[in-house]
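# Chains, contacts and geometry: an overview
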Amino acid sequence: MSNMTFSRRALMRTFAGLGAAAQFRGLLRDAYGQAMPTAPRFVVLNNPHGYDPTLWRPRAPGGGDATEKGWVLDFDPDSSLGPLEPHKDSLVIIEGLDLLCNFDQSPIYTGHNGGTVAPLTGRHGRTPEGGTSVTTDGSSIDYFVASQLKVAPFLFNPLGYSGNSTFITYDNAGNRVPNEYEFPSSLSKWFGNFMGGGAQPMVDPKAAARLKADTAVLTHLNAEAKTLRIRLGGRERLKLDGHIDALNLLQQRLSGTGTLAPSTSCGKPTKTDAALGDADLINTMLRFATQVLACNLTRVSTMSIDPAGSGKMPWLMGETKIHDDVAHGWRADDPASGRKLSKVHRWYAQQVADFIVMLKAMPEGNGTVYDNTIILWSNELGDPSRHMNNNLPFVLAGGGGTYKKGRYLKFGVMPEYRDSKDPHNRLLVSLANQYGANVTAFGDPRYTGELPGFLG
């Protein structure tokens, strides 16, 4: 048997386990593509109530339909995304995606429950109605990315309460993941033993067990590769050296030695008395999250930027109920109802803009924390009065990732479920692959491929 034949078979045996292990697929590809694995942070911001397309949609300078580039957001005092105008070069505005996984079948799964399950999982609920309608059969994109990066995510819903899980993060079994909801307990959990610059990510016991098992696999493969290396020469040894380098990079990622150090502005948040219904509640949460992220206590976070739920925002709309009066009262042919809804959405946009400013104010390396972050801002509905799950508005922000920024991607804006054709799953695939997943589908396997035009 020739040395060449032996080396190929031995290499296949040595790395077969690595190639077959789902948790290593994509990481190996990334290891060849970067000198030090520093995956961007991933943040999901979510609010309910749908949107008014005419005041949300970017416009061309001077008016008219916007093209992919060169648009404006603050074209009207009530424009939904106006507060994001100063940051538009780092945004991707995405319109016309549909939760096809909810209604391209019989029976259909729609409404608030459908808008809870599908946006981040790419799957419909287990049943159309009842308790299992808010469970599914797989993880959400934020939980998936947290697993990829081996961190415990910071999940906060200010409308939560003890024993309740009312948000949109789902584990691998398709069950809702409990969220934090009180600042004092979150401060103790994340910063109770905080000592400053050397902060380390907090990992739950299950994540620690996975980390130990994955590290053992890589250590074993590395030892086998080094033993094989002695028996090879010339070109085959060079090829194997490349594999060994890749294994070393993967071990750095798992051990945390390849991640970024805490920002120089990292610090412990101060205590807060912000309460439900307070105009400053969401800003307080975002300031807290900024420190959690800047200190690299985690690299994944999902937060609700809704301080009122079905109730009132007295600082914005007086005694008007946001869900019952504004969202349910919206009509496509009634400009006045559109302005009411857009004012609420503009308030949400202001919270996103404030968060961007916070992240940009945190120096990190040669840039800022914002430069190494991907933010996904999502909504549960398109048409809020009819609880439609098509034409959902999505916004990407942040300097992280390899996709091109400063763009408006408009897909088919259809009036009814039956006309929908652009599954949002492709956005989830694109995001997963930004973290080395190398997948062709995320969630419902019927919808494959990345979002057209995502990479530019």
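These numbers were taken from a predicted model, which means no experiment stands behind them.

### Considerations on the overall build of the protein
Of the regular secondary structure elements, the protein holds 14 helices and 9 strands. Counting the 456 residues in the protein, one finds 54% classified as buried.

### Things to note about the pattern of salt bridges
Scanning the entire structure with this criterion turns up 11 salt bridges. A salt bridge links Glu364 to Arg41; the shortest N-O distance between them is 2.5 Å. With Glu364 in strand β5 (residues 363–364) and Arg41 in strand β1 (residues 41–47), this pair connects stretches of sequence that are 323 residues apart. With relative accessibility at 0%, the residue Arg41 sits in the buried group. Here Lys88 ties to Glu85 by a salt bridge, and the two come within 2.8 Å at their closest N and O atoms. A residue is classified by how much of its surface remains accessible, and Glu85, at 21% relative accessible area, is partly exposed.

### Let's talk about the packing of aromatic side chains
Using the criterion set out here, one finds 12 aromatic pairs in the structure. With centroids separated by 5.9 Å and ring planes inclined at 35°, the aromatic side chains of Phe154 and Phe156 adopt a geometry described as tilted. The exposure class assigned to Phe156 is buried, which follows from its relative accessible area of 1%. Relative to Trp190, the ring of Phe154 lies with its centre 5.8 Å away and its plane at 90°, an arrangement referred to as edge-to-face. Of this pair, Phe154 sits in strand β3 (residues 154–156) while Trp190 sits in helix α7 (residues 183–191), and the two are 36 residues apart along the sequence. Here the aromatic residues Phe154, Phe156, Phe183, Trp190, Phe191 and Phe288 are joined through ring pairs into a cluster of three or more.

### Quick notes on the nonpolar core
Formed by 56 residues in total, the largest nonpolar core has its most connected members in Leu45, Leu84, Met303, Phe355, Ile375 and Trp377. Of all the secondary structure elements, the ones that give two or more residues to this core are β1, β3, α7, α10 (281–294), α12 (322–327), α13 (335–360), β7 (373–379) and β8 (392–397). Tallying contributions element by element places α13 first for this core, with 11 residues. Those residues in contact with Met303 that sit more than four places away from it in its chain are Val43, Val44, Leu45, Asn46, Phe154, Phe156, Phe167, Met285, Leu286, Ala289 and Phe355. Counting 40 residues, the second largest nonpolar core, distinct from the first, contains Val92, Val151, Leu431 and Ala432.

### Description of the confidence of the model for the protein
When pLDDT is averaged across the protein, the result is 81; 78% of the residues are at 70 or more. Mean pLDDT across the elements of the protein ranges from a minimum in helix α2 (residues 27–33), with 45, to a maximum in helix α14 (residues 425–433), with 97. Low confidence marks residues 1–14, where pLDDT is under 50. Its contacts with residues over four positions away, or in another chain, come to 19 contacts. Of the regions scoring below 50 in pLDDT, residues 25–37 engages in 37 contacts with residues more than four places distant in sequence or in other chains.

### A look at the packing of α7 against α10
α10 packs onto α7 with a crossing angle of 5° between their chain directions and a minimal axis gap of 12 Å. Between α7 and α10, the interaxial angle falls into the category roughly parallel. Contacts between α7 and α10 involve Phe183, Ser186, Leu187, Trp190 and Phe191 on the former and, on the latter, Leu281, Thr284, Met285, Phe288, Gln291 and Val292. Of the residues that constitute the contact of α7 with α10, the class distribution is 8 nonpolar, 3 polar and no charged.

### Concerning the sheet that holds β8
Spatial strand order, β3-β4-β1-β7-β8-β2-β9: 7 strands in an open sheet with mixed pairing. Two strands bound the open sheet, and with one partner strand each, they are β3 and β9 (407–410). Adjacent strand axes in the sheet meet at a mean angle of 10°, parallel and antiparallel pairs treated alike. Pairing between β3 and strand β4 (residues 300–304): 3 bridges, direction parallel. From the neighbouring strand, Phe156 faces β4, where its bridge partner is Met303.

### A look at the side chain of Thr302
Relative to the helices and strands, Thr302 is located in strand β4. Once residues within four sequence positions are removed from consideration, Thr302 is found in contact with Val44, Asp142, Phe154, Leu155, Phe156, Phe167, Ile168 and Thr169.

### Quick word on the state of the cysteines
By the definition in use, this model includes 1 disulfide. The residue that forms a disulfide with Cys266 is Cys295, at a sulfur-sulfur distance of 1.9 Å. A torsion of 105° about the S-S bond marks the disulfide between Cys266 and Cys295 as right-handed. Separated by 29 residues along the polypeptide, Cys266 in the loop between α9 (234–255) and α10 and Cys295 in the loop between α10 and β4 bring together distant segments of the chain. An identical accessibility class is assigned to Cys266 and Cys295; each is buried.

### Focus: the pairing of β1
Moving residue by residue along a regular strand, the side chains alternate between the two faces of the sheet. Counting buried positions over the 7 residues of β1 gives 7, a clear majority of the element. Going residue by residue along β1, you find Arg41, Val43, Leu45 and Asn47 tucked away on one face and Phe42, Val44 and Asn46 tucked away on the opposite face as well. Sheet topology places β1 next to β7; 7 bridges connect them, and they run parallel. Paired with Asn46 across the bridge in β7 is Ser378. As judged from the 5 bridges shared by β1 and β4, these two strands associate in the parallel manner. Along β4, the bridge assignment pairs Val43 with Ser301.

### A closer look at the pairing of β7
A large share of β7 lies buried, amounting to 7 of its 7 residues. Residues Thr373, Ile375, Trp377 and Asn379 point to one face of β7 and Ile374, Leu376 and Ser378 to the other, with burial holding for every one of them. Taken together, the 3 bridges between β7 and β8 define a ladder with antiparallel strand orientation. Counted as the bridge partner of Ile375 is Ala397 from β8.

Conventions adopted
Residues numbered from 1 in each chain as written. Predicted model: local features only at pLDDT ≥ 70, side-chain atom pairs only at ≥ 80, totals over all residues. Heavy atoms only, no water. Helix = DSSP H or I, 4+ residues; strand = E, 2+ residues; numbered from the N terminus. Buried < 20%, exposed > 50% of the residue type's maximum accessible area, 1.4 Å probe, protein only. Salt bridge = Lys/Arg side-chain N within 4 Å of Asp/Glu carboxyl O. Phe/Tyr/Trp six-rings, centres within 6.5 Å; stacked < 30°, edge-to-face > 60°. Core = buried A, V, L, I, M, F, W, Y, C linked by side-chain atoms within 4.5 Å. Contact = heavy atoms within 4.5 Å. pLDDT = per-residue confidence, 0-100. Axes fitted to C-alpha atoms, helices over the stretch in contact; angles between N-to-C directions. Parallel < 35°, antiparallel > 145°, perpendicular 65-115°, else oblique. Nonpolar A, V, L, I, M, F, W, Y, C, P; charged D, E, K, R; others polar. Pairing = 2+ DSSP bridges. Disulfide = S-S within 2.5 Å.

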